[in-house]
Amino acid sequence: MNEETRTLFTYRILRYTPNLVRDEWVNIGVLLEDAARNRLRARLIEEESEIARVRRLHPAADEALLRALPADFESQIAAAPAAAAFLQKLDQTLSNVLQFSPQKGLLAGDFDAELDRLYRDHVAPPHYARSGIFENTRAWIRTRLTDVFRRRKILGRMERGVKVEQFTQPGDPLRIDYAYRVNGTRGYVHALSLSRDPAQAKVLAYTAECIRARQTSNEFVAITEREPARENERDQFVARLLAAQQIEIVPLARIEMFAERLRPRLQ
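In this text the structure is predicted, and so the values were computed from the model without any measurement. (Residues numbered from 1 in each chain as written. Predicted model: local features only at pLDDT ≥ 70, side-chain atom pairs only at ≥ 80, totals over all residues. Heavy atoms only, no water.)

So, the packing of aromatic side chains
Piece 1. Taken as a whole, this structure holds three aromatic pairs when the rule is applied.
Piece 2. A ring pair is formed by Phe-9 and Phe-111, whose centres lie 5.3 Å apart and whose planes are at 85°; its orientation type is edge-to-face. Of this pair, Phe-9 sits in strand S1 (residues 7-19) while Phe-111 sits in helix H4 (residues 111-122); the two residues are 102 residues apart in sequence, bridging distant segments of the chain.
Piece 3. Here Phe-111 falls in the buried class, since its relative accessible area comes to 3%.
Piece 4. Residues Phe-149 and Tyr-178 carry aromatic rings whose centres are separated by 5.2 Å and whose planes lie at 75° to one another, so their mutual orientation is edge-to-face. Here Phe-149 is found in helix H5 (residues 138-151), whereas its partner Tyr-178 is found in strand S7 (residues 175-182), with 29 residues between them in sequence. We note that Phe-149, like Tyr-178, is buried. (Phe/Tyr/Trp six-rings, centres within 6.5 Å; stacked < 30°, edge-to-face > 60°. Helix = DSSP H or I, 4+ residues; strand = E, 2+ residues; numbered from the N terminus. Buried < 20%, exposed > 50% of the residue type's maximum accessible area, 1.4 Å probe, protein only.)

Next comes the structure, spelled out in structure tokens:
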């Protein structure tokens, strides 16, 4: 990509600092600004594995605060008339346990891709190779999914991080990774790890049931790291549970075909 197609973005890392005296912190989010287009987005930790990592580092961490932050930041950003004004106000109102790193600039061409990269590099729990890389975590599956959607040029037509509390119960923290519309049908795509957290299949099945009770035309897809193994009882439990709610399973090995099939259908 040449320099003419790049834009100057600025970013800050949000840090959780429960003990100011010890000057210890953990990165919990990133804010990326495109001042030329008055564009600002935040991505903060939400996954159970991410919250658990903060608890391991800081056993007395305020979990309620951490879980509330993504929705709080999103609502404030949406209500702010200007990104710069919001950031200035945020600097003045952040609590002592939340601190920003110094602002830094970078040149990039894709705002959303850069936000994802910054999050992976600065915030997401580190992944390790074979003796320790968790290439079957939900976050890893979602990253692969996002990359495919971007390459297939459908990412911009997808809604990201869809709140489900409007269908389930107020305060439900779950956000479905992607949603789309096809001829009056609302589609939902969500990453799900068979190996690391199969219990999340129950959450997805319950959510699909609640959505269908309020919307007449829906389709659901669960993106998994692999095909459910026939000899694995837990995998087969997940497969039966999702099938009962008409949730299609698409392993990463078939995600390219799924994206290509979806592309001409999107509105």
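Once the structure has been displayed, the description carries forward.
Observations concerning helix H6 (residues 200-214)
Since there are 3.6 residues in each turn of an α-helix, residues three or four apart along the chain are aligned in direction.
Piece 1. Taking 1.5 Å per residue as the helical rise, H6 with its 15 residues ought to reach 21 Å, and the 22 Å between its terminal C-alpha atoms agrees with that figure.
Piece 2. Listed in full, the buried residues belonging to H6 are Ala-201, Leu-204, Ala-205, Thr-207, Ala-208, Cys-210 and Ile-211.
Piece 3. On its buried face, H6 sits against S7, strand S8 (185-191), strand S9 (218-224), helix H7 (233-244) and strand S10 (247-251). (Expected span 1.5 Å × (residues − 1). Contact = heavy atoms within 4.5 Å.)

Thoughts on the sheet that holds strand S6 (residues 159-163)
Piece 1. Spatially, the five strands line up as an open sheet ordered S6-S7-S8-S9-S10, and their pairing is mixed. Edge positions in the sheet fall to S6 and S10, since each of these pairs with one other strand and no more. On average, each strand axis in the sheet is tilted by 35° relative to the strand beside it, whichever way the strands run.
Piece 2. As paired strands, S7 and S8 are joined by five bridges and run antiparallel to one another. In the sheet register, Val-182 faces S8, and the bridge partner there is Thr-185. (Pairing = 2+ DSSP bridges. Axes fitted to C-alpha atoms, helices over the stretch in contact; angles between N-to-C directions.)

On their own, these measurements won't tell you what the molecule is for.
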